[in-house]
Every structure is written in structure tokens, then in C-alpha cells.
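Listed below, chain by chain, are the residues.
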Amino acid sequence: MSGARPEVADVAVPALDASRVPRTAAGVLPGATASDLACLAHLPAIDLDELQATAALQTRVDRKYVLPLAALPGLVAALPVGTRRLVIAGRDAFGYESVYFDTPDLDAFHLAAGRRRRRYKVRTRTYTDTGGCWLEVKTRGPRGTTVKDRREHDVRARDDVGDALGFVVGTLRAHGVDLPLAGDGAEPLLAPTLTTQYRRRTLHLPDGARLTVDTGLEWLGARSVAAVPGHAVVETKSVAGASAADRALWALGHRPSRISKYATGLVVLDPALGGRPWRRTLRRTLAA
């Protein structure tokens, strides 16, 4: 999944229907412009060590919002004094690539579509600017929290669970999820089903919460690619309850959006999957 790129569909909203868009041989699709993100440059910096010490948040409450890029300056202006941006080696935007794994029947996708309590995600996450790679298992904790367990992974094998399968199975089982066995009954089968790429900026708020701004999102399937060049996926992450970032977003008229980079991406590339929980986001929010 992370090797040669398939053909690119320059998917522009309204409907993010890849079948309606002519295919080209284009390269990386456009993301945010410099003017949209210049509002972040005045924020003071926080380094990675301090961010991890104060806001690692492996168990947290997440809320996602989909904003037009032009709305970002207003959001940044509304954040509380003391908000800082993550800066590493003079840079505040970092490339992310995630390879998602699912069963042959797409169990993880269907559990998410059904809003099931025991839903999960399995992925590798590569920090493309540094080459670091982790295998991550995300599950649901009590009161709607998100729990993330992870271990380091060989970046050269980021499209293969490989010898981390035992870690995945054990982690899911500890959270009440049993993967279905492969046809021969020997062990579960997880295969790469979708790759996402985007650039992330991370803000640390005085209340200890984090806010991430993802731009230039691309979904890469086996045969096609779709992109969201005109919007940012903004996510708040807090220990419990609403953060100052959530309250700022609400005051500006932004409400949480139902969007999953994995499940929504699958629906965009294969509308036959249905994807009812994300229909409003695809037809209204991203079409704005």
C-alpha cells in the first residue's frame, strides 16, 4: 500500500465521489496555502519533550471538526493566551502516513459504521520527516474515551503487521475484542486496506489539551486516490470533557463532525460500502 502510487483522482468536493472525477497522473495534491496557516506562526513554541510530558494523552476524549481552510485564522485567534505550537528543529508541520489494516470482511470498518462499543483500528503510523514508525491499536474505553496502545515498528514493513500480530491480538483481547480467524482457523488475518497521508500541526493549550490541524489529506486505495485539498481536519484531545479549544470552536459555530480518516476514506473510494454515519460530513460539511 505504501509503495507505487495508484492513479490519482483529483477529488474536489462537493460530493467527494471519485467515480465522477477525471483521472490524471498528478503528483501530491494541494493542501493548505501559506496564507491560511500564517496565523500559526506567531504562537510561541513548545518542544516535543515538554508536550509529551504534559499532554501525551494515550487515553483521551477526541472530537473531530472539518473546517474550511479559510476558517483557521479565526480559530487560532479565538484560542486562549498561552496556546503553543509544537516546533521540532525549527519546523511546525510534519508529514504523517498511516496504513490501516482490516480483516477480509472489513470487520473494523463495519464495527465503526455500526457505532459498536467494541470497535477498533489497527494501523502503522510513519512520521515521514523523521522515518519513525509505530504500530498502533486504537480501542474504545469507558465513557467514550479513545485508548491507544502502540509499539515501535520497522518502517520498511509499514504495510505489514508481521510479527506484531501477537501484540495486536493480545491488545484487542484485553479490550474485549476477538479477531475472527482466517479460513484455515490458524490465526487472524489482517491486510492493508487503506493508506492516508497528510501534514499535521499540533497545538498545546494551557488546560493541558491538544489540538491538531491536519491539511492536505489524501486517501490512497489499491486503484485510486482521493483528496481533501480545501479543508482541514481539526481534532481536540483532552483527558475528559470539553477543552478550551472545543469551546472556542463552538463559539465560532463549528460543531463536531463524524469523520474517520479510515472509514470515511473507504467510503469515498468505494461508495458501495454505504457509510451512513459519515454521509452528512461528505454531503454537507465537505461540500461547503
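Quick caveat, the model's predicted, so the values are computed rather than measured. Every chain is numbered independently, its residues counted from 1 as its sequence is written. Note on the predicted model: pLDDT of at least 70 is required for a residue's local features to be given, and 80 or more for side-chain atom pairs to be given and counted; whole-chain, interface and lining totals, by contrast, use all residues. Hydrogens and water molecules were not included; the side-chain quantities draw on all heavy atoms of the structure.

Undergrad: Looking at this structure, I do not really get the environment of Arg123. What am I missing?
TA: Counting from the N terminus, the helices are the DSSP runs of H or I reaching at least four residues and the strands are the DSSP runs of E reaching at least two. Its location among the elements puts Arg123 in strand β7 (residues 120-127). Linking Arg123 and Asp160, residues 37 residues apart in sequence, is a C-alpha distance of 9.4 Å. Beyond its immediate chain neighbours, meaning those up to four positions away, Arg123 contacts Ser98, Val99, Tyr100, Phe101, Trp134, Leu135, Glu136, Lys138 and Lys148. In this structure the side chain of Arg123 is engaged in a polar contact, spanning 3.3 Å, whose partner is the side chain of Tyr100. Here, two residues are considered to be in contact whenever any of their heavy atoms come within 4.5 Å of each other. In the analysis that follows, any N or O atom pair within 3.5 Å is treated as a polar contact, provided that within protein one partner can donate a hydrogen and the other can accept it, and provided that, for residues neighboring in sequence, both atoms belong to side chains.

Undergrad: When you look at helix α6 (residues 244-251) in this model, what are you seeing that I'm missing?
TA: One turn of the α-helix equals 3.6 residues, which is why residues spaced by three or four share an orientation. Throughout, exposure labels follow a simple rule: accessible area from a 1.4 Å probe, protein chains only, divided by the maximum for the residue type, with under 20% read as buried, over 50% as exposed, and the rest as partly exposed. Where α6 is concerned, the buried positions are Ala244, Ala245, Asp246, Ala248 and Leu249. Once α6 ends, the next one or two residues include Gly253, with phi positive near 90°.

Undergrad: Is there a simple way to explain the side chain of Lys121 in this structure?
TA: On the secondary structure map, Lys121 appears in strand β7. Here the positive residues are Lys and Arg and the negative ones are Asp and Glu; neither His nor the chain ends is included. The salt bridge definition used is simple: a Lys or Arg side-chain nitrogen within 4 Å of an Asp or Glu carboxyl oxygen. Although Lys121 lies buried, it forms no salt bridge, and the closest oppositely charged side chain, Glu235, sits 7.8 Å away as judged by the N-O distance. In this structure the side chain of Lys121 is engaged in a polar contact, spanning 3.3 Å, whose partner is the side chain of Ser260.

Undergrad: Sorry if this is basic, but what is going on with unusual backbone geometry here?
TA: Across the chain, the bulk of peptide bonds are trans and the bulk of non-glycine residues have phi less than zero. One non-glycine residue, Ala89, lies in positive phi territory at about 55°. Along the chain, the position of Ala89 falls in the loop between β5 (84-86) and β6 (94-102).

Undergrad: Would you mind going over the packing of aromatic side chains with me for this structure?
TA: Two aromatic rings, drawn from Phe, Tyr or Trp (for Trp, its six-membered ring), form a pair once their centres lie within 6.5 Å of each other, and the interplanar angle then sorts them: stacked below 30 degrees, edge-to-face above 60, tilted otherwise. Going through the model one piece at a time under the given rule, you end up with 3 aromatic pairs. For the ring pair Tyr96 and Tyr127, a centre distance of 5.0 Å and an interplane angle of 75° mean the geometry is edge-to-face. A residue pair is termed long-range when its members are at least 10 positions apart, and Tyr96 in strand β6 and Tyr127 in strand β7 qualify at 31 residues. You can call Tyr96 buried: its relative accessible area is 12%. Its relative accessible area of 21% is what places Tyr127 among the partly exposed residues. Ring geometry for Tyr96 versus Tyr198: centroids 5.5 Å apart, planes at 20°, classification stacked. Residue Tyr96 is found in strand β6, and its partner Tyr198 is found in strand β10 (residues 191-204); the two are separated by 102 residues along the sequence. Of the aromatic side chains, those joined through ring pairs into one cluster are Tyr96, Tyr127 and Tyr198. Arg200 extends its terminal NZ or CZ atom over the ring of Tyr96, reaching a point 5.0 Å from the ring centre. Only when the NZ of Lys or the CZ of Arg is both within 6 Å of the ring centre and within 35 degrees of the ring normal is a charge said to sit over the ring.

Undergrad: Please explain the confidence of the model for the chain as it appears in this structure.
TA: The predicted coordinates of low-pLDDT regions are not to be read in fine detail. Here the chain shows a mean pLDDT of 82. Residues at 70 or above account for 80%. This stretch, residues 1-31, has a pLDDT under 50; its non-local contacts, to residues over four places away or in other chains, come to 81 contacts. By definition, pLDDT measures how confident the predictor is in each residue, and it falls between 0 and 100.

Undergrad: Please explain the pairing of strand β13 (residues 231-238) as it appears in this structure.
TA: Among the 8 residues of β13, 8 are classified as buried, and the element is accordingly described as predominantly covered. Residue alternation in β13 divides its side chains into two sets, His231, Val233, Glu235 and Lys237 and Ala232, Val234, Thr236 and Ser238, and both sets are buried. Relative to β13, strand β11 (residues 210-220) runs antiparallel, the two sharing 5 bridges. When the sheet's bridge partners are listed, Arg210 is paired in β13 with Lys237. Two strands qualify as a pair provided that DSSP identifies no fewer than 2 bridges between them.

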